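Coordinates in review
What follows is each chain in one-letter form.
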Protein chains: 2
Amino acid sequence: MIEIEARKETVSRTARLDAVFAALADPTRRAIIARLSRSEARVTEVAEPFRMSLNAVSKHIRVLELSGVVKRHRKGRDHILSINTRSLDEVGDWIARMRHYWDERLDAMERLLRELKKGHKLGPKDRKHGSR
Amino acid sequence: MIEIEARKETVSRTARLDAVFAALADPTRRAIIARLSRSEARVTEVAEPFRMSLNAVSKHIRVLELSGVVKRHRKGRDHILSINTRSLDEVGDWIARMRHYWDERLDAMERLLRELKKGHKLGPKDRKHGSR
């Protein structure tokens, strides 16, 4: 039962990562995220700087909402958009994990290099074997 | 001339971000990146853990190569795949920039809250105006 729950969680996290990365794969949507990262805003305010119809921008906003990156709430007549920082944290964490893997590799390579250098300078271990 | 060059650079960076984010929007491709982040590997080694044909995995690898996330070089008969850390750094930096925006917002809100609290305790400025 716990395993099924854990699997469900993994599946939904995977689906979330898919959706968020796909949502980020567009310059207009990234610009909307950058705008909303500075402050929440009305739909019309978000659309204003773009050279495209409100309808076209609305479609991009819809993709961002479906991916969970952008939230919407009503304030009287206005629809206010804001960023859901948690979803971006999740993709940021994924990238950080990959970086961690190759940082570890670089560290391992550095250690190996240091060992090789030590060997080259004939450390105690090498002298025992009496090379050169 | 410099402006045109700068614009070209921006356009190609935008296109790169589009391609890398799109490449990351798939669980198989993310698993391949995770594998290659640990060490470079032959195409067959990369394909091995997946329950799909070598052909299907090769298509995903092709998407990763076109996006610039994965590089390929030959070692005799083998095709060796490795990760291009720079392209992932670029998307990681984009996300870090967004985080920076909203961290600044949170800091600003914190400062405002502190000011409001001070005002509530009737600091010198408030006393001068003699409110309450």
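Criteria and thresholds
- Residues numbered from 1 in each chain as written.
- Chains lettered and ligands numbered in written order.
- Predicted model: local features only at pLDDT ≥ 70, side-chain atom pairs only at ≥ 80, totals over all residues.
- Heavy atoms only, no water.
- Least-squares fit on C-alpha atoms with pLDDT ≥ 70 in both.
- Contact = heavy atoms within 4.5 Å.
- Salt bridge = Lys/Arg side-chain N within 4 Å of Asp/Glu carboxyl O.
- Helix = DSSP H or I, 4+ residues; strand = E, 2+ residues; numbered from the N terminus.
- Buried < 20%, exposed > 50% of the residue type's maximum accessible area, 1.4 Å probe, protein only.
- Pairing = 2+ DSSP bridges.
- pLDDT = per-residue confidence, 0-100.
- Buried area = accessible area lost by both parts, 1.4 Å probe.

On to the relation of the copies chain B and chain A, then. Copies of the same chain, two in number, are related to each other by a rotation about an axis and a translation along it. For the pair chain B and chain A, the best superposition has an RMSD of 0.1 Å and corresponds to a rotation of 180 degrees with a translation of 0.0 Å parallel to the axis. The transformation relating the two chain copies, once decomposed into turn and shift, fits a two-fold axis. Mapped onto chain A, 100% of the interface residues of chain B are again interface residues, and the two copies thus contact each other with one and the same surface.

A complete count under the given rule lists 20 salt bridges over all chains for this structure. With its nearest N and O atoms 3.4 Å apart, the salt bridge here joins Arg42(A) to Glu45(A). Glu65(B) is the partner of Arg62(B) in a salt bridge, and the nearest nitrogen-oxygen pair spans 3.7 Å. Remark: Glu65(B) and Arg62(B) occur in helix H4 (residues 54-67); sequence separation between them is three residues, near one turn of the helix. A residue is classified by how much of its surface remains accessible, and Arg62(B), at 45% relative accessible area, is partly exposed. Taking the relative accessible area as the measure of exposure, Glu65(B) reaches 17% and is therefore buried.

To continue, consider the sheet that holds strand E3 (residues 78-83) of chain A. Residue and element names in this part refer to chain A. The three strands lie next to each other as E1-E3-E2, forming an open sheet whose pairing is antiparallel. Strands at the two margins of the open sheet, each flanked by one partner only, are strand E1 (41-42) and strand E2 (70-75). Relative to E3, E2 runs antiparallel, the two sharing six bridges. Along E3, the bridge assignment pairs arginine 74 with histidine 79.

Turning our attention to the confidence of the model for chain A. Averaged over all residues, the pLDDT of chain A is 87; the fraction at 70 or higher stands at 90%. Scoring of the predicted complex yields 0.80 for pTM and 0.80 for ipTM.

Another point: the interface of chain B and chain A. Opposite the 31 residues of chain B that make contact, chain A presents 31 residues. Between chain B and chain A lies a buried interface of about 2,700 Å² when both sides are counted; carbon and sulfur atoms form 65% of it. Looking only at chain B, the three residues that lose the most surface to chain A are Arg30(B), Trp102(B) and Arg105(B), adding up to 22% of its buried area. The interface formed by chain B and chain A holds six salt bridges in total. In this structure, Arg30(A) engages Asp18(B) in a salt bridge whose closest nitrogen and oxygen atoms are separated by 2.8 Å.

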